[in-house]
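Residue strings, one per chain:
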Amino acid sequence: SAVISQKPSRDICQRGTSLTIQCQVDSQVTMMFWYRQQPGQSLTLIATANQGSEATYESGFVIDKFPISRPNLTFSTLTVSNMSPEDSSIYLCSAMTGYGYTFGSGTRLTVV
Amino acid sequence: AQTVTQSQPEMSVQEAETVTLSCTYDTSESDYYLFWYKQPPSRQMILVIRQEAYKQQNATENRFSVNFQKAAKSFSLKISDSQLGDAAMYFCALPKGGSEKLVFGKGMKLTVNP
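So, a few notes on the structure that sits alongside this text. Within each chain, residue numbers correspond to sequence positions counted from 1 in written order. Each chain takes a letter, starting from A, and each ligand takes a number, starting from 1, following the order in which they are written. Two thresholds apply to this predicted model, a pLDDT of at least 70 for residue-level local features and 80 or more for giving and counting side-chain atom pairs, whereas whole-chain, interface and lining totals are computed over all residues. Heavy atoms from the whole structure form the basis of all side-chain values; hydrogens and water molecules are not counted.

For Phe, Tyr and Trp, rings pair up if their centres lie within 6.5 Å, where Trp contributes its six-membered ring, and each pair is then called stacked (planes under 30 degrees apart), edge-to-face (over 60) or tilted (otherwise). The full count for this structure, using the stated rule, is 15 aromatic pairs over all chains. Between the aromatic rings of B:Y25 and B:Y32, the centroid separation amounts to 5.6 Å while the plane-to-plane angle is 70 degrees, which identifies the pairing as edge-to-face. Like B:Y32, B:Y25 is buried. Put simply, the rings of A:F33, A:Y35, A:Y101, A:F103, B:Y33, B:F35, B:Y37, B:F91 and B:F104 touch in pairs and so form one group of aromatic residues. Relative accessibility under 20% of the residue-type maximum defines a buried residue, over 50% an exposed one, and the middle range a partly exposed one, all with a 1.4 Å probe and only protein chains included.

Shown next as structure tokens:
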């Protein structure tokens, strides 16, 4: 099955700054997904990223806060903008690959 | 709308014993996949098993098997011969109708006691 490399694995950021998370897939995939996992909770879908078109955001998430890029079929980035402590979470990328959905290893973000 | 319910937030099992994790769901689709994912403290989401709704036969992967009851919309995971490495959060998931977007249950924390 495919492998998704996600980085950074963790970061501590100052409030008001932005962080860009990158995911690289070792095969071409049509759609990539970005999730947020708040402490002790389940995964919530932020947006779906298709190559060559604007990302589709779920209710409660907006492009200005979470801009996404999808320049090709193997790569995507998620930026968390103008961060506040409430953005402290794990962020994961995912893609449907073969048997099921493969996930990146996650980015643990702490905003201070 | 798709919903996935895991009603037990935590369970524990003795090493080498068997444990069953429950999951119920709601969907208007007739053909769909169901998934169980495991998330150890490393936070990596690991696919445990997949069930195709049109298959009556329950999926099995080594020590992991499911009890899929389509009419009851129930999808439980049985772990046999539990090992310390099975300790993790377990999530049941289902694609949102007509899309590839996964909807997750709230998760269940499994503790394995030596």
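Here the narrative resumes.
A few words now on the pattern of salt bridges. By salt bridge we mean one thing: a side-chain nitrogen of Lys or Arg within 4 Å of a carboxyl oxygen of Asp or Glu. Using the criterion set out here, one finds 7 salt bridges over all chains in the structure. We note a salt bridge from B:K73 to B:D26, for which the minimum N-O separation is 3.1 Å. You can see B:K73 sitting in the loop between β8 (64–69) and β9 (74–79) and its partner B:D26 sitting in strand β4 (residues 24–26), a full 47 residues away along the chain. B:R63 serves as the salt-bridge partner of B:D86, at 2.8 Å between the closest nitrogen and oxygen. Taken together, the positions of B:D86 in the loop between β9 and β10 (88–95) and B:R63 in the loop between β7 (60–61) and β8 put the pair 23 residues apart, joining distant regions of the chain. Across this residue pair, the class does not change: B:D86 and B:R63 are buried. Residues joined in a network through salt bridges with shared partners are A:E58, B:K96 and B:K101. Helix and strand assignments come from DSSP, with helices taken as H or I runs of at least 4 residues and strands as E runs of at least 2, each series counted from the N terminus.

Attention now goes to the interface of chain A and chain B. Each side of the interface is counted separately: chain A has 26 residues, and chain B has 20 residues. In this description, buried area is defined as the sum, over both parts, of the accessible area (probe of 1.4 Å) that is lost when the two are combined. Contact with chain B buries area across many residues of chain A, yet A:Y99, A:Y101 and A:F103 alone supply 35% of it, more than any other trio. The tally of links from chain A across to chain B stands at 2 salt bridges. Linking A:E58 and B:K101 is a salt bridge whose minimum nitrogen-to-oxygen distance equals 2.8 Å. N or O atoms within 3.5 Å of each other form a polar contact, as long as, within protein, one can give a hydrogen and the other can take it, and as long as residues adjacent in sequence are counted only when both atoms are side-chain atoms. Taken together, the connections running from chain A to chain B amount to 11 residue pairs in polar contact (both at pLDDT 80 or more). Breaking the side of chain A that touches chain B down by element, the ones donating at least two residues are β4 (31–37), β5 (43–50), β9 (89–97), β10 (100–103) and β11 (107–111) of chain A. The residue classification treats Ala, Val, Leu, Ile, Met, Phe, Trp, Tyr, Cys and Pro as nonpolar and Asp, Glu, Lys and Arg as charged. All others, Gly included, are polar. Residues that form the side of chain A that touches chain B fall into these classes: 11 nonpolar, 12 polar and 3 charged. Here a residue-residue contact requires only that any non-hydrogen atoms of the pair lie within 4.5 Å.

What follows is about the pairing of β9(B). All names here are of chain B. In terms of residue burial, β9 counts as a mostly covered element, since 5 of its 6 residues are buried. Two elements, strand β3 (residues 19–21) and β9, share 3 bridges in a ladder whose sense is antiparallel. From the neighbouring strand, L21 faces β9, where its bridge partner is L77. Strands are treated as partners if at least two bridges between them are detected by DSSP. Bridge count for β8 against β9 is 6 bridges, and the pairing is antiparallel. In the strand pairing of β9, F68 is matched with F75. Between β8 and β9, which pair antiparallel in sequence order, lie 4 residues; one of them, K73, sits at a positive phi of approximately 55 degrees.

A word on the sheet that holds strand β1 (residues 4–7) of chain A. All names here are of chain A. Strand order in the open sheet formed by 4 strands is β1-β3-β8-β7, with antiparallel pairing between adjacent strands. Of all the strands in the sheet, just β1 and β7 (68–72) have a single pairing partner and so form its edges. When the angles between neighbouring strand axes are averaged without regard to direction, this sheet yields 15 degrees. As paired elements, β7 and strand β8 (residues 75–80) share 3 bridges and run antiparallel to each other. The residue of β8 that forms the bridge with I68 is L78. Fitted lines through C-alpha atoms serve as axes, helices being fitted only where they are in contact, and the angles separating the N-to-C directions of these axes extend from 0 to 180 degrees.

Within the element layout of this structure, B:R50 appears in strand β6 (residues 46–52). A distance of 2.8 Å separates a polar side-chain atom of B:R50 from the backbone oxygen of A:Y99. Here the side chain of B:R50 touches B:E52 through a polar contact of 3.5 Å, side chain to side chain. When residues no more than four places from it in sequence are discounted, the contact partners of B:R50 are A:G98, A:Y99, B:Y33, B:L34, B:F35 and B:A59.

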